[in-house]
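# Coordinate analysis (summary)
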Amino acid sequence: SSDLYIEQLRTQFPILDQQVNEHQLVYLDNAATTQKPQSVIDAICHYYQTSNANVHRASHALSNQATSLFEQSRVKVQTFINAQRSEEIIWTKGTTEGINLLANVFADQLQAGDEIIISALEHHANIVPWQMLAKKTGAVLKVIPLTEQHCLDLTAFQSLLTSNTKIVSIAHVSNALGVINPIKEVIELAHQQGAKVIIDGAQAVAHIDVDVQQLDCDFYLFSGHKLFGPTGIGVLYGKLDLLNQLPPWQGGGEMIQTVTFEEATYNQLPFKFEAGTPNIAGAIGLGAAIDFVNALDTECCQNHEQSLIEYTENALSEMSEINLFAKDVTKSGAISFIVKGEHSTDIAMLLNAQGIAVRSGTHCAMPLMSVLNCSGTVRVSFSVYNTLDEAKVFVDALQKVVEILGD
Ligand code: PMP
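What counts, and where the lines are drawn
- Within each chain, residues carry numbers counting from 1 in the order of the written sequence.
- Only residues with pLDDT of 70 or above have their local features reported here, since the model is predicted, and side-chain atom pairs are shown and tallied only from 80 upward, although totals for entire chains, interfaces and linings are computed over all residues.
- As a convention, hydrogens and water are excluded, and side-chain values are obtained from all of the structure's heavy atoms.
- UniProt positions are given in the numbering used here, feature names are shortened, and annotations may be inferred rather than shown by experiment.
- Helix numbering and strand numbering both begin at the N terminus, where a helix is a DSSP run of H or I of at least 4 residues and a strand a DSSP run of E of at least 2.
- Residue-level confidence of the predictor, termed pLDDT, takes values from 0 up to 100.
- Think of it in three bands: with a 1.4 Å probe and only protein chains considered, a residue is buried below 20% of the maximum accessible area for its type, exposed above 50%, and partly exposed in between.
- Note that the arc is computed from the directions linking the helix axis to the C-beta atoms.
- Residue contacts are defined here by distance: any two heavy atoms, one from each residue, within 4.5 Å place the two residues in contact.
- The rule is simple: put a 1 Å grid over the protein atoms alone, call a set of points where a 1.4 Å probe fits but cannot get out a cavity, call an open set with protein on both sides within 12 Å along at least five of seven lines a pocket, and count a residue as lining if it has an atom within 4 Å of a point.
- Grid points are joined across faces, edges and corners, and a volume is the space filled by probe spheres set on the points.
- Residues are grouped as follows: nonpolar covers Ala, Val, Leu, Ile, Met, Phe, Trp, Tyr, Cys and Pro; charged covers Asp, Glu, Lys and Arg; every other residue, Gly included, is treated as polar.
- When two rings of Phe, Tyr or Trp (its six-membered ring) have centres within 6.5 Å they constitute a pair, described as stacked for plane angles under 30 degrees, edge-to-face for angles over 60, and tilted for the intermediate range.
- As used here, the term nonpolar core means buried Ala, Val, Leu, Ile, Met, Phe, Trp, Tyr and Cys residues forming a set that is joined through side-chain atoms within 4.5 Å.
- A pair of strands is considered paired only if DSSP assigns at least 2 bridges between the two.
- Note on handedness: a clockwise path from strand one over the helix to strand two, with the strands aimed away from the viewer, defines a right-handed crossover.

Going by an unreviewed UniProt entry, the protein chain carries the name Cysteine desulfurase and comes from Psychromonas arctica. Note on the protein chain: under the UniProt heading Sequence similarities (unreviewed entry), the record states "Belongs to the class-V pyridoxal-phosphate-dependent aminotransferase family. Csd subfamily."

Below is the structure:
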């Protein structure tokens, strides 16, 4: 049965088996970062125990071994998101670094009056770099508003799009609300105006099958640590011809072909965008995480996650003290809510006292909080290893919290 499958999956995550505040840990903060299966932990250890060396630099055995593992991981990422070529996969520190890279290399392509479009539900990582770019170039930053149901307003998007729109940068899934954005439509509409489309996939890759060729996005970004991999490693996918046209960002070793005191010529892709010694162990760990995901029964896991969301959303809907955001909208991974009249952090602290890890506050989306007219929300976010029992423990604990606060 699927319950048995999930229970077995769960045993691959050693961290989950522990007590917090004398309760069994219930980890429901997966949108912030996922836990790591033993296979990922082992891959990182094994690399340091057997193969550690710098990549691409030497002609000795260990360096060749490290390079080969490092490049194998790149191919795993390529296959995972169905990129056409492995040169289209650039290693970054994470989604944040990837967006900053793009915002910097696009600087020469924009002029005053050009437009960049983001949405009202973006993470700060997909807002601030564009504000910085707008300031530098005189470009205008426009924001797609949300509908009453807290989804992207596509009609408003169409009226924001003009021939001056150069960049559209949108989250695949909202980290604060769990809402899945209609990125296929966004990409099509933006391309009709000749704009380039960047998709922030940080919250999507662990829950939704991503096919960059089918989406036809120009760039796609994600972080390893939200996909069962280590922190400090992430991916920037870009279409080959676009990456070739754009200038490098950081300068240093690895990204060059030849250097004189006067000038440098740049290396080919993907190395042109990978200055300095990369996070080799991180890339290898992310490769192991992708192996883990590939071995999952995807249909079973996606149905399971959906049933956790449905159960929790239904239970919360019946509690009159609770306001759910993006209610009845199809979500991926996360549910966001407030307890009327209470501060979100108080709720999270009272849940923590019962061993339950949830996130509270603005979720790095302060502008969204002002749209929602609240100071912060409580967010529960699920992963494949969460059980229905855990969802029940959470709902019961929340009920208790609400009662205590109501007294
Ligand atoms: N975008 C979204 C939608 C996210 O959820 C996050 C992580 N909270 C980021 C960007 C930034 O990711 P990272 O901190 O791993 O760079």
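## Brief notes about the UniProt feature "domain: Aminotransferase class V" (unreviewed entry) in the protein chain
UniProt's feature table lists "domain: Aminotransferase class V" (unreviewed entry) at residues 26–392, given in the numbering used throughout. The span residues 26–392 shows a helical share of 37% and a strand share of 17%, and its end C-alpha atoms are spaced 11 Å apart.

## Considerations on the confidence of the model for the protein chain
Per-residue confidence for the protein chain gives a mean pLDDT of 97; residues scoring 70 or more make up 100%. Interface confidence in the predicted complex, given as ipTM, is 0.98; pTM for the same model is 0.98.

## Remarks on helix H12 (residues 344–352)
Three or more residues of H12 are buried, namely Ser344, Ile347, Ala348 and Leu351. The buried side chains of H12 occupy one side of the element, clustering within an arc of 95° when seen end-on. Tucked into the core, H12 has its buried residues touching strand S14 (334–339), strand S15 (356–357), strand S16 (359–361), strand S17 (377–381) and helix H14 (388–406).

## Describing empty space enclosed by the protein
Under the criterion given, the structure shown has two cavities of 30 Å³ or more. Here the largest cavity defines a volume of roughly 60 Å³. Taken together, Asn30, Ala31, Thr34, Ala202, Gln203, Ala204, Ala206, His207, Lys226, Phe382 and Ser383 make up the full set of residues lining the largest cavity. Per-class residue counts for the lining of the largest cavity are five nonpolar, five polar and one charged.

## Re the packing of aromatic side chains
Summed over the entire model, instances satisfying the criterion amount to 10 aromatic pairs. A centroid spacing of 5.9 Å and a plane angle of 40° characterise the contact between Phe70 and Trp91, whose relative ring orientation is tilted. With a gap of 21 residues between them, Phe70 in helix H3 (residues 61–80) and Trp91 in strand S4 (residues 89–92) connect regions that are remote in the sequence. A single burial state applies to Phe70 and to Trp91, both of which are buried. Of the aromatic side chains, those joined through ring pairs into one cluster are Phe13, Phe228, Phe292 and Tyr385.

## Notes on the nonpolar core
Judged by nonpolar contacts, the single largest core of 78 residues is most densely connected at Val168, Tyr220 and Leu286. Ranked by the residues each element gives to this core, the list is headed by helix H10 (residues 280–294), at 10 residues. Once residues within four sequence positions are removed from consideration, Leu286 is found in contact with Val77, Trp91, Phe222, Gly224, Leu227, Pro230, Ile233 and Val235. The next biggest cluster of nonpolar side chains, apart from the first, holds 27 residues, and it includes Ala315, Phe337, Ala391 and Phe394.

## Concerning the layout of surface pockets
Rolled over the atoms, a probe with the dimensions of a water molecule shows which regions are left empty. As a volume, the largest pocket reaches approximately 430 Å³. As for the largest pocket, its lining consists of 28 residues, and the residues nearest its centre are Thr96, His123, Ala202, His225 and Lys226. Elements supplying a minimum of two residues to the lining of the largest pocket: helix H4 (95–105) and S16. If one sorts the elements of the lining of the largest pocket by residue count, H4 sits on top with four residues. Tallied by class, residues from the lining of the largest pocket come to eight nonpolar, 13 polar and seven charged.

## A few points about the pairing of strand S6 (residues 140–144)
Direction of pairing for strand S5 (residues 115–119) relative to S6: parallel, over a ladder of five bridges. Bridge pairing in S6 places Ile116 opposite Leu141. The β-α-β motif built from S5, the intervening helix H5 (residues 128–137) and the parallel element S6 has right-handed crossover chirality.

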